[in-house]
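# An overview of the molecular structure
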Amino acid sequence: RGFLFEYEEMTPGPLCRTQDDLEARILEELDSPAAEFAERRKALKKLSFSDVEGLASLRLWDAVETLL
């Protein structure tokens, strides 16, 4: 069926084709994040999420409490 967006446009970072490549790139990013992808990641985050204040767990808990 395909994707809603072009895969390459919605994956801000290196495209990995194997498990070994994925694991190596994750370790590289954790050790030294690549600045070249930072702006693309910020743009994708803004496009994909409307609320990124970091309080999702608190909002979820508040919703659960209303059910009790």
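Below, the structure is looked at part by part.

Conventions used here
- Residues numbered from 1 in each chain as written.
- Predicted model: local features only at pLDDT ≥ 70, side-chain atom pairs only at ≥ 80, totals over all residues.
- Heavy atoms only, no water.
- Helix = DSSP H or I, 4+ residues; strand = E, 2+ residues; numbered from the N terminus.
- Rg over C-alpha atoms; globule rule 2.2 N^0.38 Å.
- Buried < 20%, exposed > 50% of the residue type's maximum accessible area, 1.4 Å probe, protein only.
- Contact = heavy atoms within 4.5 Å.
- Patch = residues over 30% accessible without salt bridge, like charges linked within 9 Å, V, L, I, M, F, W, Y side chains within 5 Å.
- Areas by Shrake-Rupley, 256 points an atom, 1.4 Å probe, with all protein chains shown as cover.
- Salt bridge = Lys/Arg side-chain N within 4 Å of Asp/Glu carboxyl O.

The next subject is the overall build of the protein. Summing up its helical and strand segments, the protein has three helices and zero strands in all. Along its sequence from the N terminus, the protein presents helices and strands in the succession α-α-α. Taken over C-alpha atoms, the radius of gyration comes to 17 Å for the protein, far larger than the 11 Å a tight globule of 68 residues would show. Across its three principal axes, the protein shows a C-alpha extent of roughly 45 × 35 × 25 Å. For the protein, the residues scored as buried account for 10% of the 68 residues in total.

We now examine the environment of Ala-38. In this fold, Ala-38 is placed in helix 2 (residues 38-48). Of the residues examined, Ala-38 reaches a relative accessible area of 30% and is grouped as partly exposed. Put simply, Ala-38 and Gly-13 are 25 residues apart on the chain and 8.7 Å apart in space, counted from C-alpha to C-alpha.

With that out of the way, let us pick up the side chain of Glu-29. By secondary structure assignment, the location of Glu-29 is in helix 1 (residues 19-31). A relative accessible area of 18% places Glu-29 in the buried class. The residues contacting Glu-29, other than those within four sequence positions of it, are Ala-34 and Arg-41.

The grouping of Leu-22, Ile-26, Leu-27 and Leu-30 at the surface amounts to a nonpolar patch, some 410 Å² of accessible area in total. Relative to the helices and strands, Leu-22 is located in helix 1. With relative accessibility at 36%, the residue Leu-22 sits in the partly exposed group.

Here the focus is the pattern of salt bridges. Evaluated as defined, the whole model comprises three salt bridges. The salt bridge involving Arg-25 is made with Glu-28; its shortest N-O contact spans 3.5 Å. Of this pair, Arg-25 and Glu-28 both sit in helix 1, separated by three residues, roughly a single helical turn. Put simply, Arg-41 and Glu-29 hold a salt bridge, and the shortest N to O gap is 3.2 Å. Of this pair, Arg-41 sits in helix 2 while Glu-29 sits in helix 1, and the two are 12 residues apart along the sequence. Arg-41 gets classed as partly exposed once you look at its relative accessible area, which sits at 32%.

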